[in-house]
Amino acid sequence: MQKGQYYMGNNTLIVTLLVEAKTIDQTNSPLEHYQRLVESGAIKPDEHQTRIVKKLQRLHDELVTYEPPPIPSSKSSPSLLSRLFSRGTTHTVSLPPERVPAGLYLYGDVGTGKTMLMDLFYNTLPPHIKRKRRVHFHAFMIDVHKRVHAAKIKLGHNGGDPIEPVARDLASEAYVLCFDEFQVTDIADAMILRQLFEKLLNYGVVCVITSNRHPDELYKNGIQRASFIPCIELLKERFEVTDLDSGTDYRRMPRTLSHVYYDPLSPENQQEIEKIFKAYTSDPSDPVQYNRKLTTWGRTIVVPESTSQVAKFKFHDLCGKPLSAADYIEITRTFGTIFVLDVPKMGLGEKDLARRFITFIDACYESKVKLFVTSEVPIFKIFSDDPNANKTEVSDHMRSVMDDLGLPSDIVGSSSMFSGQEELFAFARCCSRLVEMGSKHWAETAGMR
């Protein structure tokens, strides 16, 4: 069993857990990380959220000493003869529930901090846990359907249970699974999940789930919902179900998640963006490194300030040098969160800068980067003409393109920097993507690596 020793010194809680003569470092646990965010001013202290983080901490502590059962190899599957004489039976490992840490099912409306809490837990998992996976639930089910299809083909005409090998493979790849945005919308998913969750839990897999709905509300009014009820009961039995709704919008990590563009270039905005950068780089095990070097196509790219996940550039470091699309792709592939400071208003004399900035934004969008920007003028006006300049007319075709992108045509029309249709479209697409990348939904889901 665990023994705990607690010391208070320099206003810092140092927790030493002695487990079977092993000392466990808790400096990067969910609670410690949350406390650092509060102390840095990135988020405001909230009793309700602290209660949720303590539940994550409970699971984190149990996972420190949890040893999942060995997963049988797929090569050890029973022979055809044994399958014929054991029809209807399964070969899933069945671990008693009391030997598996109870999972967490966190549900609440949009804006209650589900993704933030999921990231907080996943990113602070004990370092010895290598078999782990964090995935959006929709992407997970696409993967599951592909695996089930492949399993059916492998089983051939003799048939058998295709869910069993899928569950075994998933458990062998990760015994900690984090599902974001869990939902059940069709009968195919419902029928698979009923069996899949039971088999995964039997294999000792520990899950953390976020959802907009309480388990009782899942697949409500769905076809053959009665067949899904056992899955709902399993969730309520094997998970701690917790309501995240408290009246507080937790999309403030840091500040408000949708507030990612700051103008003008004032000392106040500079201080705010530095505070956010420090909050995102507060992990002591991943300190800020200066002048990190990336290599692509034999070229060296210097990153002024970065951790393994977060980078910060001045605008001229990114766009004032002859960097290519391949360079920007390498940067956005490496870093899930990027800060770009001091973006100027650009005119005809800075057309090369503008082209590079558009290429950089395209790379950020394709790599699902979380972007923070400080700019001289509002980010959507950095390419705009001076008020007294002659405006360029936009063709009917370009107006149609702008409508398709959901942007007012006068945004493009206000810039004479871009002449050809291709350039105009690239500019319009950049504006559209900046709008989407500044949304709350993007800020909640971007930045994962």
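Being a predicted model, the structure only gives us computed values, none of them experimental.

Novice: Explanation requested: the overall build of the protein chain in the structure shown.
Specialist: A tally of helices and strands in the protein chain yields 16 helices and 14 strands. Here the protein chain, with 449 residues, has 49% of them falling under the buried criterion. Considering only contacts within the protein chain whose residues lie at least 6 apart along the sequence, 75% involve residues at least 24 apart. Per element, the accessible surface of the protein chain, about 22,300 Å² overall, is 53% carbon and sulfur.

Novice: Explain the side chain of T307 here, please?
Specialist: With respect to the helices, strands and loops of the structure, T307 is situated in the loop between β11 (299-306) and β12 (310-314). Discounting residues that sit within four places of it in the chain, T307 has contacts with T281, D286, P287, V288, R292 and F335.

Novice: Even after reading the chapter, I still don't get the sheet that holds strand β6 (residues 176-182), so can you show me in this structure?
Specialist: Note: strands within a sheet are paired through backbone hydrogen bonds, in either parallel or antiparallel orientation. Strand order in this open sheet of five strands is β5-β6-β7-β4-β8, and the pairing throughout is parallel. If you trace the sheet from one side to the other, it starts and ends with β5 (132-136) and β8 (239-243), each paired once. Within the sheet, the average angular offset between the axes of one strand and its neighbour, ignoring direction, is 10°. Here strand β4 (residues 103-107) runs beside β8; their pairing, made up of five bridges, is parallel.

Novice: Help me understand the packing of helix α2 (residues 47-65) against helix α4 (residues 114-123), please; the structure alone is not making it clear to me.
Specialist: To characterise two packed helices, one gives the angle between the axes of the helices and the distance between these axes. Where α2 meets α4, the axes come as close as 10 Å, and the angle between the chain directions of the two elements is 30°. The orientation of α2 relative to α4 falls into the category roughly parallel. Crossing geometry of α2 relative to α4 is assigned as right-handed. Residue-level inspection shows Q49, I52, V53, L56, L59, H60 and L63 of α2 in contact with α4, the latter providing M116, L117, L120 and F121. Looking at the contact of α2 with α4, its residues break down into nine nonpolar, two polar and no charged.

Novice: Explanation requested: the pairing of strand β7 (residues 206-211) in the structure shown.
Specialist: A regular strand places its side chains on the two faces of the sheet in alternate fashion. Among the six residues in β7, six count as buried, and that is most of the element. Neither face of β7 is open: one carries V206, V208 and T210, the other C207, I209 and S211, and all of them are buried. Of the strand pairs in this sheet, β4 and β7 are connected by four bridges, and their pairing is parallel. For Y105, the partnering residue across the bridge sits in β7 and is I209. When β6 meets β7, the two strands line up parallel, connected through five bridges. By the bridge assignment, F179 is partnered in β7 with I209. At this point the chain moves from β6, through helix α7 (residues 187-202), to the parallel β7, and the crossover so formed is right-handed.

Novice: Which parts of the structure should I look at to understand the nonpolar core?
Specialist: Soluble globular proteins tend to bury their nonpolar side chains together. With 50 residues, the main nonpolar core has I331, I338, V340, F357, F360, L371 and F383 as its most contacted residues. Per-element accounting of this core gives the leading share, eight residues, to helix α12 (residues 351-366). Not counting residues within four places of it along the chain, the set of residues in contact with V340 comprises F313, F315, L318, F360, L371, F372, V373 and T374. Membership of the second largest hydrophobic core comes to 38 residues, among which are M141, L196, F197 and L201.

Novice: Help me understand the sheet that holds strand β13 (residues 337-343) in this model?
Specialist: Within the open sheet, the six strands sit side by side as β9-β14-β13-β12-β11-β10. Their pairing is mixed. For this open sheet the edge positions go to β9 (261-262) and β10 (289-296), each flanked by a neighbour on one side alone. Along the sheet, helix α11 (residues 325-334) makes contact with β10, β11, β12 and β13, crossing β10 at roughly 125°.

Novice: Can you help me understand the pattern of salt bridges in this one?
Specialist: Pairing of side chains with opposite charge becomes possible as their charged atoms draw close. Using the criterion set out here, one finds 21 salt bridges in the structure. As a salt-bridge pair, D216 and K236 come within 2.8 Å of each other at their nearest N and O atoms. Residue D216 is found in the loop between β7 and α8 (229-238), and its partner K236 is found in helix α8; the two are separated by 20 residues along the sequence. Exposure remark for D216: the relative accessible area of 34% places this residue in the partly exposed category. Residue classification places K236 among the partly exposed positions, given a relative accessible area of 32%. Among the salt bridges present, the one from R433 reaches E366, with a minimum N-O distance of 3.1 Å. Within this pair, whereas R433 is found in helix α15 (residues 421-437), its partner E366 is found in helix α12, the two being separated by 67 residues in sequence. Linked by salt bridges that have partners in common, K55, R58, E62 and E240 make up one network.

Novice: Honestly, the confidence of the model for the protein chain in this entry has me stumped. Any pointers?
Specialist: In low-pLDDT segments, the atomic positions of the prediction should not be examined closely. Looking at the protein chain, the pLDDT average stands at 78 and 76% of residues meet or exceed 70. In this model residues 1-26 is a low-confidence stretch, pLDDT under 50, and it forms 38 contacts with partners more than four residues away in sequence or in other chains. Within the model, the stretch residues 76-90 combines pLDDT values under 50 with eight contacts to residues more than four positions away or in other chains.

Each value, and the rule that gives it
Residues numbered from 1 in each chain as written. Predicted model: local features only at pLDDT ≥ 70, side-chain atom pairs only at ≥ 80, totals over all residues. Heavy atoms only, no water. Helix = DSSP H or I, 4+ residues; strand = E, 2+ residues; numbered from the N terminus. Buried < 20%, exposed > 50% of the residue type's maximum accessible area, 1.4 Å probe, protein only. Contact = heavy atoms within 4.5 Å. Areas by Shrake-Rupley, 256 points an atom, 1.4 Å probe, with all protein chains shown as cover. Pairing = 2+ DSSP bridges. Axes fitted to C-alpha atoms, helices over the stretch in contact; angles between N-to-C directions. Parallel < 35°, antiparallel > 145°, perpendicular 65-115°, else oblique. Left-handed = near helix turned anticlockwise from the far one by under 90°. Nonpolar A, V, L, I, M, F, W, Y, C, P; charged D, E, K, R; others polar. Right-handed = clockwise from strand over helix to strand, strands pointing away. Core = buried A, V, L, I, M, F, W, Y, C linked by side-chain atoms within 4.5 Å. Salt bridge = Lys/Arg side-chain N within 4 Å of Asp/Glu carboxyl O. pLDDT = per-residue confidence, 0-100.

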